[in-house]
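# Structural characterization, general
Single-letter residue listing:
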Amino acid sequence: MYRPISRRSLITSVGSAPVLLAPYASIAYAADTSERRSPIKQPASPNPAAFIERAFEMKEQGLEAGDRGYGAVVVQGGKIISQSASRVTRDYDATAHAELTAIRDACRRLKSSRLQGAVLYSSSPPCPMCEAAAYWAGVTKFVYGKNARDGGAPKLCG
């Protein structure tokens with residue numbers, strides 16, 4: 001049987017949801033955020049070889065942490081603005097690829113959803129999801145693999 005609910009009851013119950021759920025809101029990203037928000041050590045010689053080397057260091061960190069072997073670095077203006085290893089296994093998140101988490105962190109650090117002029121260095125070629133995210137974020141180009149292959153500008157569905 002349908003029982004009408006008063007406006008006051010509805011507002012009270014819906015209005016308290018954020019308060020009740022607030023303690024749980026940061027659980028998934030607490031370690032993730034604090035770990036990546038720390039200052040990033042810049043390479044002594046900022047060049048593509050150094051940035052690829054850092055992406056492979058991230059890959060090794062991911063493997064050591066029990067995750068998949070992928071690493072990524074976002075560079076803008078010759079400086080690393082974000083870096084990440086794969087967090088798929090650690091965060092139980094199928095979308096937490098190294099490239100995607102590095103893009104997310106770079107956007108948070110810059111307080112912008114746009115990464116104009118940024119280059120994404122990765123230990124391997126990006127998957128379609130990561131390429132689409134880079135495209136929408138405005139990443140200028142990909143560089144990947146041990147030989148620092150120029151992957152060109154990100155494309156959608158391509």
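Residues numbered from 1 in each chain as written. Predicted model: local features only at pLDDT ≥ 70, side-chain atom pairs only at ≥ 80, totals over all residues. Heavy atoms only, no water.

## Details of the overall build of the protein chain
Along the protein chain, the regular secondary structure elements total 7 helices and 5 strands. Relative to its full complement of 158 residues, the protein chain shows a buried share of 38%. In the protein chain, of all internal contacts separated by at least 6 residues, the share reaching a separation of at least 24 is 47%. Summed over all atoms, the accessible surface of the protein chain reaches about 9,500 Å², with 59% contributed by carbon and sulfur. (Helix = DSSP H or I, 4+ residues; strand = E, 2+ residues; numbered from the N terminus. Buried < 20%, exposed > 50% of the residue type's maximum accessible area, 1.4 Å probe, protein only. Contact = heavy atoms within 4.5 Å. Areas by Shrake-Rupley, 256 points an atom, 1.4 Å probe, with all protein chains shown as cover.)

## Details of the packing of aromatic side chains
Under the criterion given, the structure shown has 2 aromatic pairs. The interplanar angle of 50° and the centroid separation of 5.2 Å between the aromatic rings of phenylalanine 51 and tyrosine 121 together place this pair among those described as tilted. Here tyrosine 121 lies in strand S3 (residues 119-122) and phenylalanine 51 lies in helix H4 (residues 48-64), a separation of 70 residues in the sequence. Residue classification places phenylalanine 51 among the buried residues on the basis of a relative accessible area of 4%. The class of tyrosine 121 is buried, set by a relative accessible area of 6%. On the numbers, 5.1 Å between centres and 85° between planes, the contact of tyrosine 135 with tryptophan 136 is edge-to-face. The partly exposed category is assigned to tyrosine 135, whose relative accessible area is 37%. Judged by its relative accessible area of 56%, tryptophan 136 is exposed. (Phe/Tyr/Trp six-rings, centres within 6.5 Å; stacked < 30°, edge-to-face > 60°.)

## Here's the deal with the confidence of the model for the protein chain
Of the residues in the protein chain, 76% reach a pLDDT of 70 or more, and the chain-wide mean stands at 83. Counting interchain partners and residues more than four positions distant, the pLDDT-below-50 stretch residues 9-34 has 5 contacts. (pLDDT = per-residue confidence, 0-100.)

## Regarding the nonpolar core
The biggest cluster of nonpolar side chains holds 19 residues, and the ones touching the most others in it are Val74, Ile103, Leu115, Leu120, Ala134 and Val139. Broken down by secondary-structure element, the contributors of at least two residues to this core are strand S1 (71-76), helix H6 (98-110), helix H7 (128-137) and strand S4 (141-144). Not counting the four nearest positions on each side in its chain, valine 74 is found in contact with Lys79, Ile80, Ile81, Ser82, Ala102, Ile103, Ala106, Leu115, Ala118, Val119 and Leu120. One finds Ile52, Val75, Val119 and Val143 within the second-largest nonpolar core, a separate group that totals 11 residues. (Core = buried A, V, L, I, M, F, W, Y, C linked by side-chain atoms within 4.5 Å.)

## Considerations on the environment of aspartate 105
Within the secondary structure, aspartate 105 sits in helix H6. By relative accessible area, aspartate 105 is classed as buried at 1%. The sequence separation of aspartate 105 and valine 74 amounts to 31 residues, and the corresponding C-alpha distance is 9.2 Å.

## Topic: the pairing of S1
Here S1 lies mainly inside the structure; 5 of its 6 residues are buried. Strand direction decides the pairing type here: S1 and strand S2 (residues 79-85), joined by 6 bridges, are antiparallel. Along S2, the bridge assignment pairs valine 73 with glutamine 83. Counted between consecutive antiparallel strands, the loop separating S1 from S2 contains 2 residues, among which glycine 77 sits at a positive phi close to 60°. As defined by bridge partners, S1 adjoins S3 across 4 bridges and the pair is classed as antiparallel. Bridging across to S3, valine 75 finds its partner in valine 119. (Pairing = 2+ DSSP bridges.)

## As for the side chain of serine 124
Looking at the element boundaries, serine 124 is found in the loop between S3 and H7. Those residues in contact with serine 124 that lie beyond four places of it in its chain are Tyr70, Glu99, Tyr144 and Gly145.

## Notes on the packing of H6 against H7
To characterise two packed helices, one gives the angle between the axes of the helices and the distance between these axes. Where H6 contacts H7, the axes come no closer than 8 Å and their chain directions differ by 20°. In terms of orientation, H6 lies roughly parallel with respect to H7. Here H6 and H7 pass one another in a crossing that is left-handed. Together, Glu99, Leu100 and Ile103 of H6 and Met129, Cys130, Ala133, Ala134 and Ala137 of H7 make up the contact between the two elements. (Axes fitted to C-alpha atoms, helices over the stretch in contact; angles between N-to-C directions. Parallel < 35°, antiparallel > 145°, perpendicular 65-115°, else oblique. Left-handed = near helix turned anticlockwise from the far one by under 90°.)

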